[in-house]
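# Observations on the three-dimensional arrangement
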Amino acid sequence: MAGASLLTLLDDIASVLDDVALMTKVAARKTAGVLGDDLALNAEQVSGVRAERELPVVWAVAKGSLRNKLILVPAALALSALLPIAITPLLMIGGAYLCFEGFEKLAHKFMHGSGDDAAAHAAEAAALSDTEVDIVAFEKDKIAGAVRTDFILSAEIIVIALGTVQDAAFGSQVAVVSGIALIMTAGVYGLVAGIVKLDDAGFYLLRKTASNGWAALQRGIGRVLVNAAPYLMKALAVIGTAAMFLVGGGILLHGLPQAHHWLEAAANAVASTPLIGGLLAALTPTVLNALAGVIAGGVVLALVSLAGCVATRLRS
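Scope of this entry: the structure provided in the associated data block. It should be emphasised that the depicted structure is a prediction, and the values quoted were computed from it without experimental measurement.

### Some thoughts on the overall build of the protein chain
A tally of helices and strands in the protein chain yields 10 helices and zero strands. Counting from the amino terminus, the protein chain carries its helices and strands in the arrangement α-α-α-α-α-α-α-α-α-α. Here the contacts in the protein chain between residues at least 6 apart in sequence split such that 79% fall between residues at least 24 apart.

### Some words on the nonpolar core
Within the largest apolar cluster, 22 residues are counted, with the highest numbers of intra-cluster contacts made by Val 73, Leu 91, Ile 158, Leu 162, Val 177 and Ile 180. Counting residues per element, this core draws most heavily on helix H5 (residues 135-164), which supplies six residues. Counting residues in each nonpolar core, the second largest holds 12 residues, with Val 58, Ala 62, Val 192 and Val 196 among its members.

### Some points on the packing of helix H7 (residues 198-206) against helix H8 (residues 213-255)
Put simply, H7 and H8 touch, their axes get as near as 7 Å, and they point 155° apart. Relative to H8, the element H7 lies roughly antiparallel. For the pair H7 and H8, the crossing hand works out as left-handed. On the side of H7, the interface is formed by Leu 198, Asp 199, Ala 201, Gly 202, Phe 203, Leu 205 and Leu 206, while H8 contributes Gln 218, Arg 219, Ile 221, Gly 222, Arg 223, Leu 225, Val 226, Ala 229 and Leu 232.

### Section: the side chain of Asn 289
By the element assignment, Asn 289 lies in helix H10 (residues 277-315). Given the relative accessible area of 12%, Asn 289 is considered buried. Those residues in contact with Asn 289, other than ones at most four positions away along the chain, are Phe 245, Leu 246, Gly 249, Gly 250, Leu 253 and Leu 263.

### Quick look at a nonpolar patch on the surface
Nonpolar side chains collect at one region of the surface, where Leu 275, Ile 276, Leu 279, Leu 283 and Val 287 lie side by side and expose about 540 Å² of accessible area between them. With respect to the helices and strands, the residue Leu 283 is situated in helix H10. Look at Leu 283 and you get partly exposed, because its relative accessible area is 43%.

### Brief notes about the packing of aromatic side chains
Under the definition given, this model contains one aromatic pair. The interplanar angle of 50° and the centroid separation of 6.1 Å between the aromatic rings of Tyr 97 and Phe 100 together place this pair among those described as tilted. Here Phe 100 and Tyr 97 lie together in helix H3 (residues 87-111), a separation of three residues that amounts to about one turn. Overall, Phe 100 belongs to the buried group, its relative accessible area being 12%.

### A few points about the environment of Val 224
Examined against the element boundaries, Val 224 turns out to sit in helix H8. Spatially, the C-alpha atom of Val 224 lies 9.9 Å from that of Leu 206, the residues being 18 residues apart in sequence.

### Digging into the side chain of Lys 69
Along the chain, Lys 69 falls in helix H2 (residues 54-82). Only 2.8 Å separates the side chain of Lys 69 from the side chain of Ser 154, close enough to count as a polar contact. Not counting residues up to four positions away in its chain, the partners in contact with Lys 69 are Pro 74, Asp 150, Ser 154, Ile 158, Ala 181 and Thr 185.

Cut-off values and rules
- Residues numbered from 1 in each chain as written.
- Predicted model: local features only at pLDDT ≥ 70, side-chain atom pairs only at ≥ 80, totals over all residues.
- Heavy atoms only, no water.
- Helix = DSSP H or I, 4+ residues; strand = E, 2+ residues; numbered from the N terminus.
- Contact = heavy atoms within 4.5 Å.
- Core = buried A, V, L, I, M, F, W, Y, C linked by side-chain atoms within 4.5 Å.
- Buried < 20%, exposed > 50% of the residue type's maximum accessible area, 1.4 Å probe, protein only.
- Axes fitted to C-alpha atoms, helices over the stretch in contact; angles between N-to-C directions.
- Parallel < 35°, antiparallel > 145°, perpendicular 65-115°, else oblique.
- Left-handed = near helix turned anticlockwise from the far one by under 90°.
- Patch = residues over 30% accessible without salt bridge, like charges linked within 9 Å, V, L, I, M, F, W, Y side chains within 5 Å.
- Areas by Shrake-Rupley, 256 points an atom, 1.4 Å probe, with all protein chains shown as cover.
- Salt bridge = Lys/Arg side-chain N within 4 Å of Asp/Glu carboxyl O.
- Phe/Tyr/Trp six-rings, centres within 6.5 Å; stacked < 30°, edge-to-face > 60°.
- Polar contact = N/O pair within 3.5 Å; in protein donor to acceptor, adjacent residues only side chain to side chain.

So, in C-alpha cells, the structure goes:
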C-alpha cells in the first residue's frame, strides 16, 4: 500500500509539473511581445557607455531587474489571492499602455527627423570623450533609467503571465509567474549582453592577421558582425514596436466580452476566398489585433496630450 501511495504521489507531482510547464509555455508565448520591447529598450539604454564598462553596466541593470521582480511578483500574487477581479482591468491598463508606448514611438519618429537623433547621439559621444564629464554619474543615470524602464515592462510581463493562470491553483500561479520572471530576466539581459558586445566580437575577429583560410574566414565573420550590429538594433526596435501593438491590441480585444466573436466572424468571412482563404483567415485576427493596438495607442496619446495641455494651462 505504501508503495502504491508513493507511486500515486509521484504521478500527481508529475501531473502538476506538466501542467505548470504547459502554463509557463503559454505565458511565455503571450509575454514574448513585451520581451521583444524589453530587449530593444534595454539594449538601447545600455548602449553608449564605454566598451570596457558595457558588461558591468548590464549586470548592474540585471540586478536592478531582479529587485524589481522581487517586489512585483509577490504583489501580483497577493492581488490574485485577495482581489482576483482586478486582474482583467490591470491587463487592460497594461495593454493600453503598450499601445500608447508604441504609438508614441511612431509619433516621435515621424515628428522628429533622423537629424534630431543624430544630434543626440553626437552630443552623447562628445560628452563621453570629454575628460571633465563624470563617467560614474553618467553610468548611474544610464542604469537608473534602464531599471525604471524595466520596472514598467516587468510589471506588464508579470500581469500578462498572471492573467494566463488566474484560474489555476495558487501554487501553480506561484510557480508559473516566478518561473516567467526568472526566465525573462535571464533571457533579456543575456541577450542584451550579447548584443552590446557583438561589435567588439567583430573587431576582435577582424584583428586576425594570419594569411591562412581560417583567419580569412574569421575576418569575414568579424566584418559581418560589425556591419550587422547597428541593423540588429534597428530591427529590434521595429520588432519591439510591432509587438507592442500586437500584444496590447490583443489584450484589449480579448478583454471585451464580444471581441472574440468579432474576430472569429472576420476570420470566417475571408476564409472562403479562393486559394488564399486559409492564409487570410489565419492572418485576420493578428491584423485586427495590431489595428486595434494602433487605434488605442492613438486615442490614449491624444488623451494624455490633452491632459498635459490642461494641466499646463491650470498651472499658468
